[in-house]
Amino acid sequence: MKAMVLKKIWSFKENKNPLELVNLPDPLPEEKEILVKVSACGVCHTELDEIEGRTPPPRFPVVPGHEVVGRVEKTGSKANKFKIGERVGIAWIYSACGRCEFCLKGNENLCSNFRATGRDANGGYAQYTVVLEDFAYKIPDLFSDSQAAPLLCAGAIGYRSLRLTGIKDSKNLGLTGFGASAHLVLKMVKHKYPNSKVFVFARSEKERDFAKELGAVWAGETEEESPEKLDCVIDTTPAWKPIVEALKNLKSGGRLVINAIRKEEVSKEYLLKLDYSAHLWLEKEIKSVANVTRRDVSEFLNLAAKIPIKPEIQEFTLEEANKALLELKERKIRGAKVLRIGD
Ligand SMILES: [Zn+2]
Ligand SMILES: [Zn+2]
């Protein structure tokens, strides 16, 4: 099969084409696994973190990609949840131990044996991939393959982030950074919390216009003061400045949820601007969001079908994966980038 693989850690400064197109043997499903013929795979900011070594894959070469949509090609001898030809999705959670205190309480995202698709196991930047049947999801018919892909990560993690903010209807939500995940969060809020106002902070004017098109009541620069204080903010940026600036806009007792697997080192000195009385005092909280559970993914897919949320997408071929990643790196973003993978 054709696959785009990562053979070592790279910085985009030294190599603008970190993934290589190779031919790999088709994978075979183990007993409880399914073989999936991939048709679409979303391109996520986390791939940049893997490539640049902020969350490095434990083994190379690895096939990245954790927003995978395809059809069941073959089932393992003990796999019986899906039929051949059935459309399935695979998300960031590739597996978890199922036995630890976190797994037993439904917090499998915190399992110390959490394995991520496309980092700890081969993912969807390829024509085929395998996964345990219990970690694959049925995709609602409403979505095309490319539309479904970004729902599996950006959407599911956005759903989890929104849940962790503790938002209630009519409360003000801030979104700092306006990429794939944030734009889906905005659509969710419009449906679930129709009386809540959403304020968006983004560096690029394009992103701010896009946010207003989608129903944000206000959009400004990262460091601007929002016209109203915010009950909660979700940060989806790789930088530190938005954290300090978001804390400034929080109401007393407000909560900032950081939806980022890793932060980049650049701009870290901005943290020195953190002023206890302006940014943290009055019981402001900071919480990070880590990974996703299967429950997040399935609940979000159902919600997305009900609303319905159809993500804005931009398609690339498998061979154009490096181009898509570079654009993401350079924040040329309008909706979610998806690789279309054919024969
Ligand atoms: Zn992702
Ligand atoms: Zn566990």
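The structure under discussion appears in the preceding block.
Residues numbered from 1 in each chain as written. Chains lettered and ligands numbered in written order. Predicted model: local features only at pLDDT ≥ 70, side-chain atom pairs only at ≥ 80, totals over all residues. Heavy atoms only, no water.

### What about the coordination of the zinc ion (ligand 2)?
Here is step 1: Around the zinc ion (ligand 2), the protein contributes the donor atoms Cys97 (SG), Cys100 (SG), Cys103 (SG) and Cys111 (SG), at 2.3 to 2.4 Å from the metal centre.
Here is step 2: Sequence positions of the residues that donate to the zinc ion (ligand 2) give the spacing C-x2-C-x2-C-x7-C. Highlighted residues: Cys97 in the loop between strand S6 (93–95) and helix H2 (101–104) and Cys111 in the loop between H2 and strand S7 (115–116), separated in sequence by 14 residues.
Here is step 3: On the basis of relative accessible area, Cys111 is assigned to the buried category, the value being 5%. (Donors = N, O, S within 2.8 Å, 3.2 Å for Na, K, Ca; no water. Helix = DSSP H or I, 4+ residues; strand = E, 2+ residues; numbered from the N terminus. Buried < 20%, exposed > 50% of the residue type's maximum accessible area, 1.4 Å probe, protein only.)

### Some details on the nonpolar core
Here is step 1: Core analysis: the biggest nonpolar cluster contains 101 residues, and Tyr125, Leu175 and Phe178 have the highest contact counts within it.
Here is step 2: In terms of residues, this core owes the most to one element, helix H3 (residues 145–165), which gives 11 residues.
Here is step 3: Listed in part, the 12 residues of the second largest apolar core include Phe199, Trp218, Val233 and Ala246. (Core = buried A, V, L, I, M, F, W, Y, C linked by side-chain atoms within 4.5 Å.)

### Concerning the coordination of the zinc ion (ligand 1)
Here is step 1: Every protein donor of the zinc ion (ligand 1) is listed here as Cys44 (SG), His66 (NE2) and Cys153 (SG), and their distances to the metal cover 2.0 to 2.2 Å.
Here is step 2: Every donor residue of the zinc ion (ligand 1) comes from the same chain, spaced as C-x21-H-x86-C. With Cys44 in the loop between strand S3 (33–43) and helix H1 (45–51) and His66 in the loop between H1 and strand S4 (68–75), this residue pair connects regions lying 22 residues apart in the sequence.
Here is step 3: Under the relative-accessibility criterion, His66 is labelled buried at 0%.

### Concerning the packing of helix H4 (residues 180–192) against helix H8 (residues 294–306)
Here is step 1: The interhelical angle for the contact between H4 and H8, taken along N-to-C directions, is 70°, at an axis separation of 11 Å. Relative to H8, H4 is oriented roughly perpendicular. Judged by the twist between their axes, the crossing of H4 over H8 is left-handed. Contacts from Met188, His191 and Lys192 of H4 reach H8 at Phe300, Leu303 and Lys306.
Here is step 2: A breakdown of the residues in the contact of H4 with H8 according to their chemical character gives 3 nonpolar, 1 polar and 2 charged. (Axes fitted to C-alpha atoms, helices over the stretch in contact; angles between N-to-C directions. Parallel < 35°, antiparallel > 145°, perpendicular 65-115°, else oblique. Left-handed = near helix turned anticlockwise from the far one by under 90°. Contact = heavy atoms within 4.5 Å. Nonpolar A, V, L, I, M, F, W, Y, C, P; charged D, E, K, R; others polar.)

### Here's the deal with unusual backbone geometry
Here is step 1: Cis rather than trans, the peptide bond between Phe60 and Pro61 has omega equal to -10°.
Here is step 2: Along the chain, the position of Pro61 falls in the loop between H1 and S4.
Here is step 3: In this model, Ile307 is joined to Pro308 through a cis peptide bond whose omega is -15°.
Here is step 4: Looking at the secondary structure, you find Pro308 in the loop between H8 and strand S16 (313–317).
Here is step 5: A positive phi angle, close to 80°, is found at Ser170, a residue other than glycine.
Here is step 6: Relative to the assigned elements, Ser170 resides in the loop between H3 and strand S10 (173–176).
Here is step 7: Judged by its relative accessible area of 47%, Ser170 falls in the partly exposed class.
Here is step 8: In this structure, Glu283 takes a positive phi of about 60° despite not being glycine.
Here is step 9: Topologically, Glu283 is positioned in the loop between helix H7 (276–280) and strand S15 (285–288).
Here is step 10: Among the residues examined, Glu283 registers a relative accessible area of 69% and is labelled exposed.

### Looking at the environment of Pro25
Here is step 1: Relative to the assigned elements, Pro25 resides in the loop between strand S2 (19–23) and S3.
Here is step 2: It is 17 Å that separates the C-alpha atoms of Pro25 and Gly118, two residues lying 93 residues apart in sequence.

### Quick look at H3
Here is step 1: Between its first and last C-alpha atoms H3 spans 30 Å; for 21 residues at 1.5 Å apiece the expected length is 30 Å, and the two agree.
Here is step 2: The sharpest bend along H3 reaches about 45° and sits at Leu152.
Here is step 3: Extensive coverage of H3 is indicated by the burial of 20 of its 21 residues.
Here is step 4: Count one or two residues on from H3 and you reach Gly166, which has phi positive near 70°. (Expected span 1.5 Å × (residues − 1). Bend = angle between axes of the 7 residues up to and from the residue.)

### A closer look at the pairing of strand S8 (residues 128–132)
Here is step 1: In terms of burial, S8 is a largely internal element, 4 of the 5 residues being buried.
Here is step 2: In the sheet, S3 pairs with S8 via 5 bridges, with the strands oriented antiparallel. Paired with Ile34 across the bridge in S8 is Val131. (Pairing = 2+ DSSP bridges.)

### Some points on the packing of aromatic side chains
By convention here, two paired aromatic rings are described through the distance between centres and the angle between planes.
Here is step 1: All told, the structure shown has 5 aromatic pairs when counted by the stated rule.
Here is step 2: Measuring from ring centre to ring centre gives 6.4 Å for Phe199 and Trp218, while their planes differ by 45°; the resulting arrangement is tilted. Of this pair, Phe199 sits in strand S11 (residues 198–201) while Trp218 sits in strand S12 (residues 218–220), and the two are 19 residues apart along the sequence. Summarising the burial analysis for this pair, Phe199 and Trp218 share the class buried.
Here is step 3: Measuring from centroid to centroid gives 5.2 Å for Phe201 and Trp218, while their planes differ by 65°, and the two rings are edge-to-face. Of this pair, Phe201 sits in strand S11 while Trp218 sits in strand S12, placing them 17 residues apart in sequence.
Here is step 4: Taking the relative accessible area as the measure of exposure, Phe201 reaches 3% and is therefore buried.
Here is step 5: Grouping aromatic residues by their ring pairs yields a cluster made of Phe199, Phe201 and Trp218.
Here is step 6: Positioned above the aromatic ring of Phe135, the side-chain terminus of Arg294 is 3.9 Å from the ring centre. (Phe/Tyr/Trp six-rings, centres within 6.5 Å; stacked < 30°, edge-to-face > 60°. Lys NZ or Arg CZ within 6 Å of the ring centre and 35° of its normal.)

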